[in-house]
Amino acid sequence: MKTSLPLRQDIAAQRHASLSRRHFLRGLGACLALPAFESIRPLSVLAADTGPAGRMAMTPTGAPLRMAFVYFPNGAIQGNWWPDGDGQEFTLNRTMQPLANLKHRLQILAGMDHVNATPGPDGPGDHARASGTFLTGVRVKKTAGADIHAGISIDQVAANQIGHLTRFPSLELTCDAVRKSGNCDSGYSCAYQYNLSWRSPSQPVAPEPNPRLLFERLFGAGAPGERSESLMRRREQQRSILDFVLEDARALQRQLASRDRQKLEEYLGSVREIEKRIERAEQFGAAPDPAVETPAGIPPSFAEYIQIMYDMMILTFQTDSTRIATFLLANEGSNRAFPEIGIAEGHHYLTHHRNKQEMMDKVAEIDLWYMKQFARFLDKMDQAKDLDGHSLLHNSMIVYGSGNADGNRHTHVNLPVILAGDGGGTLTTGRYAKFGGVPMSNLLLSMVDRLGVSGVERHGDSTGRLAGI
């Protein structure tokens, strides 16, 4: 999609406004992760009168508007998931009890379908299709080779238009080892199960599993007060390496046959993308330097691991480092055991319970455990104040869900989906909404509309916008 001249002019104006703000902060002698001040608005607010682009990723009160997607694997025990009642008169079921104090901040959405994740002519492979389809809405290609093919994910659709507003167009997190190739599910590439975000149909955006590396990527290495200089040194080193790679590749290109040149060009595209990221980061000047210690790495406790990564997401929103994030709690089909709650069997194994009550009860306990971690995250979001006096949660749209509904039968209709946050006051929260079977892609379109993303008529298998959210 080409960017129009007026839109490019608006983006340039926004960057100029942001630079002016950063010059002021640098004049104070430091660049810290400051709390949000009404007198120093983010660049989207400073550019509010520059045209349509000035309204991008901004709430009606002028605070940043954020969007995040949190994915849990293997579906949920349906009888413990869905509330009793309807509309605003509903009672949370057992799995959602940890969210009781935040009921007024939620929409539980029934009837969200991803029919492109169903077997169709492709047969087994429901786990790969579940996660591959979740944010793309397309039927992924059944292959375990290099010819993977999905679709651009909705987070990247948004990042392509609003990513220039922040130092990072989007952030991708995971609490699982990243596998980029190989056969993971009945002839489907591992790429489909270990990535939620897709920059293009053939290019997933690998999530970061290490909280220390994620923190240093965002803010630099070292103790508080040392990180800005460290980050600048790292960027210079990266630039030197990229210059060497590009120079060497140009010399090699002349010696290659046409098919090899095409492969090299694809590789160089990735190199240029890194170069663009460095340039984009430099446009925002010195990075924030939060007054917190750098995480030590991946902790041995899975609960602590998830909590650290959730906290990292909050920190990126508080510092306005990005407004778009995806978080894969574990790969779809994960067979992780949960000894911390007395469950020695693997999660995936237990979901094939064949209606055995003991196994179903254990899956329900795992569902509840994941929900407790999500509730902790939402509570911290709700306690953190934004620049307009509302909470971060009020100024966010956060989807929590799975691409599998019933893990025993591998169903992909009536998916377990929660939409948390008020979207800056544009969402109707505190209700249980039943939509009766519509593409989840309709929800994704309605979300990016609120971010000010334009020109996206369809996404995946969408049939329109999801009205009334």
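Our subject is the structure listed above.
Residues numbered from 1 in each chain as written. Predicted model: local features only at pLDDT ≥ 70, side-chain atom pairs only at ≥ 80, totals over all residues. Heavy atoms only, no water.

**Here's the deal with the state of the cysteines**
Thinking step 1. Under the criterion given, the structure shown has 1 disulfide.
Thinking step 2. One disulfide bridge connects cysteine 184 with cysteine 190, the sulfur atoms lying 1.9 Å from each other. One quick way to see it: the torsion about the S-S bond of cysteine 184 and cysteine 190 is about 85 degrees, and its sign makes the bridge right-handed.
Thinking step 3. Owing to a relative accessible area of 0%, cysteine 190 belongs among the buried residues under this scheme. (Disulfide = S-S within 2.5 Å. Buried < 20%, exposed > 50% of the residue type's maximum accessible area, 1.4 Å probe, protein only.)

**Looking at the packing of aromatic side chains**
Thinking step 1. Considering all chains together, one arrives at 19 aromatic pairs under this definition.
Thinking step 2. Here the aromatic rings of tryptophan 82 and tyrosine 432 are separated by 6.2 Å at their centres, their planes lie at 20 degrees, and the arrangement is stacked. Of the two residues, tryptophan 82 is situated in the loop between helix 3 (78–81) and strand 2 (84–86) and tyrosine 432 in strand 13 (residues 431–439); the sequence distance between them amounts to 350 residues. We note that tryptophan 82, like tyrosine 432, is buried.
Thinking step 3. Ring plane angle 40 degrees and centroid distance 6.2 Å describe the contact between phenylalanine 374 and phenylalanine 377, whose orientation is recorded as tilted. One end of the pair, phenylalanine 374, and the other, phenylalanine 377, are both in helix 11 (residues 357–383), 3 residues apart, so they sit about a helical turn from each other.
Thinking step 4. In textbook terms, an aromatic cluster arises when at least three aromatic residues are bridged by ring pairs, as seen for Phe72, Trp81, Trp82, Phe90, Tyr310, Phe327, Phe374, Phe377, Tyr400 and Tyr432.
Thinking step 5. Over the face of the ring belonging to phenylalanine 302 we find arginine 336, whose NZ or CZ atom lies 3.6 Å from the ring centre. (Phe/Tyr/Trp six-rings, centres within 6.5 Å; stacked < 30°, edge-to-face > 60°. Helix = DSSP H or I, 4+ residues; strand = E, 2+ residues; numbered from the N terminus. Lys NZ or Arg CZ within 6 Å of the ring centre and 35° of its normal.)

**Quick notes on the pattern of salt bridges**
Thinking step 1. Applying the stated rule across the entire model yields 15 salt bridges.
Thinking step 2. Residue aspartate 386 pairs with arginine 66 through a salt bridge whose shortest N-O separation is 2.4 Å. Of this pair, aspartate 386 sits in the loop between helix 11 and strand 11 (396–401) while arginine 66 sits in strand 1 (residues 66–71), and the two are 320 residues apart along the sequence. Side by side, aspartate 386 and arginine 66 carry an identical accessibility label, which is buried.
Thinking step 3. The partner of arginine 212 in a salt bridge is glutamate 216, and the shortest N-O contact between them spans 3.3 Å. Residue arginine 212 and its partner glutamate 216 are located together in helix 6 (residues 211–219), separated by 4 residues, close to a single helical turn. (Salt bridge = Lys/Arg side-chain N within 4 Å of Asp/Glu carboxyl O.)

**Focus on the packing of helix 6 against helix 9 (residues 302–318)**
Thinking step 1. Running from N to C, helix 6 and helix 9 point in directions that differ by 10 degrees, and their axes come no closer than 10 Å. The orientation of helix 6 relative to helix 9 falls into the category roughly parallel. Counted together, Pro211, Leu214, Phe215, Leu218 and Phe219 of helix 6 and Tyr305, Ile308, Met309, Met312, Leu315 and Thr316 of helix 9 form the full contact between these two elements.
Thinking step 2. For the contact of helix 6 with helix 9, the residue count by class is 10 nonpolar, 1 polar and no charged. (Axes fitted to C-alpha atoms, helices over the stretch in contact; angles between N-to-C directions. Parallel < 35°, antiparallel > 145°, perpendicular 65-115°, else oblique. Contact = heavy atoms within 4.5 Å. Nonpolar A, V, L, I, M, F, W, Y, C, P; charged D, E, K, R; others polar.)

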